[in-house]
Amino acid sequence: MRGKIAAILTVFSASAASADPGDLMDEKTHQLTDRGAIALMIGGAEVSELRCGLKGQISAAIRKADRLGLHFDLNNKVDFSDVLFFATNITSGVKQDGWGAWCQNYKDTSAKLFNE
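These numbers were taken from a predicted model, which means no experiment stands behind them. (Residues numbered from 1 in each chain as written. Predicted model: local features only at pLDDT ≥ 70, side-chain atom pairs only at ≥ 80, totals over all residues. Heavy atoms only, no water.)

### Things to note about helix α2 (residues 34-52)
Heads up, the rule is: Strands here are runs of E lasting at least two residues and helices are runs of H or I lasting at least four, both read from the DSSP assignment and numbered beginning at the N terminus. The length a helix should cover is 1.5 Å for every residue beyond the first. Residue exposure (1.4 Å probe, protein chains only): buried if accessible area is under 20% of the type maximum, exposed if over 50%, otherwise partly exposed.
When the terminal C-alpha atoms of α2 are compared, their 26 Å separation across 19 residues agrees well with the 27 Å that a helix rising 1.5 Å per residue should span. α2 sits mainly inside the fold: 15 of its 19 residues count as buried. Glycine 53 lies just past α2 and shows a positive phi near 75°.

Okay, here's the thing in structure tokens:
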């Protein structure tokens, strides 16, 4: 998962997926849609707050999503479930490498992107 959020944000900035705007993944290319990339970004921010103790990451990720033109409202059931899906996947995958490594990588990559 290292650097995956940063890489996805880079791809998001450079391209647009051809799937339905509400989909998380394009069934033809098997790539995340713009919405999927943003949900992953916010999911990573959620995990960083819960597991790494980094404060303000969810708000920063939502602000970044707004700047990119894709608003997420975590009070909306669909938006929340999409973010929760990715947060759960991140949490499941991190156990192999350990939280220390994941948190450090997140600080070094993703957290910095929110301030751009």
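### Re the nonpolar core
What tends to happen in soluble globular proteins is that the nonpolar side chains get buried as a cluster. Selection rule: Among buried residues, the Ala, Val, Leu, Ile, Met, Phe, Trp, Tyr and Cys ones that are joined through side-chain atoms within 4.5 Å form a nonpolar core. Whether two residues are in contact is decided by their heavy atoms, any of which lying within 4.5 Å being enough.
The biggest cluster of nonpolar side chains holds 26 residues, and the ones touching the most others in it are Met41, Ile42, Trp102, Tyr106 and Phe114. Contributing elements (two or more residues each) for this core: α2, α3 (57-67), α4 (77-97) and α5 (99-108). The element that contributes the greatest number of residues to this core is α2, accounting for eight residues. Once residues lying within four places of it in the same chain are set aside, the contact partners of isoleucine 42 are Ala61, Ile62, Phe72, Leu74 and Val83.

### Description of α3
Along α3, the positions that sit buried rather than exposed are Gln57, Ala60, Ala61, Ile62, Lys64 and Ala65. Phi for glycine 69, located one or two positions after α3, is positive at around 90°.

### Description of the state of the cysteines
Covalently bonding the sulfur atom of one cysteine to the sulfur atom of another cysteine gives a disulfide. Under the convention used in this document: Cysteine sulfur atoms are paired as a disulfide whenever they fall within 2.5 Å.
Evaluated as defined, the whole model comprises one disulfide. Here cysteine 52 connects covalently by a disulfide to cysteine 103, the sulfurs 1.9 Å from one another. What sets the handedness of the cysteine 52 and cysteine 103 disulfide is the S-S torsion sign, and at about -85° it is left-handed. A residue pair is termed long-range when its members are at least 10 positions apart, and cysteine 52 in helix α2 and cysteine 103 in helix α5 qualify at 51 residues. For cysteine 52, a relative accessible area of 19% corresponds to the buried category. Overall, the relative accessible area of 8% leaves cysteine 103 in the buried class.

### A word on the packing of α2 against α3
For clarity, the threshold we go by: Each axis is a line fitted through C-alpha atoms, taken for helices only over the stretch in contact, and angles between the N-to-C directions span 0 to 180 degrees. To sort the angles, those under 35 degrees are grouped as roughly parallel, those over 145 as roughly antiparallel, those from 65 to 115 as roughly perpendicular, and the leftovers as oblique. Less than a right angle of anticlockwise turn of the near helix away from the far helix marks a crossing as left-handed, whereas a clockwise turn marks it as right-handed. In this count, Pro and Cys sit with the nonpolar residues alongside Ala, Val, Leu, Ile, Met, Phe, Trp and Tyr, while Asp, Glu, Lys and Arg are called charged and the others, Gly among them, polar.
In contact at an axis separation of 8 Å, α2 and α3 are set at 165° when each is read in the N-to-C sense. As the angle between them shows, α2 and α3 are arranged roughly antiparallel. Where α2 crosses over α3, the two elements pack in a sense that is right-handed. Contact with α2, carried on its side by Ile38, Met41, Ile42, Ala45, Glu46, Ser48 and Glu49, involves Gln57, Ile58, Ser59, Ala61, Ile62, Lys64 and Ala65 of α3 and no other residues of that element. Looking at the contact of α2 with α3, its residues break down into eight nonpolar, three polar and three charged.

### Focus on the packing of aromatic side chains
For the record, the criterion: Any pair of Phe, Tyr and Trp rings, taking the six-membered ring for Trp, is counted once the centres come within 6.5 Å. Such a pair is stacked with planes under 30 degrees apart, edge-to-face with planes over 60 apart, and tilted for the rest.
Taken as a whole, this structure holds three aromatic pairs when the rule is applied. With 5.1 Å between their ring centres and 75° between their planes, phenylalanine 85 and phenylalanine 86 make a pair best called edge-to-face. Relative accessible area serves as the criterion here: at 45%, phenylalanine 85 is assigned to the partly exposed category. Site record: aromatic cluster; members linked through ring pairs are Trp99, Trp102 and Tyr106.

### Examining the side chain of glutamate 46
The cut-off we apply is this: We treat Lys and Arg as the positive residues and Asp and Glu as the negative residues; His and chain ends play no part in the count. Any carboxyl oxygen of Asp or Glu within 4 Å of a side-chain nitrogen of Lys or Arg constitutes a salt bridge here.
By the element assignment, glutamate 46 lies in helix α2. Among buried Asp, Glu, Lys and Arg side chains, glutamate 46 stands out as unpaired, with arginine 51 the closest opposite charge at 9.9 Å. When neighbours within four sequence positions are excluded, glutamate 46 is seen to be in contact with Ile58, Val83, Leu84 and Ala87.

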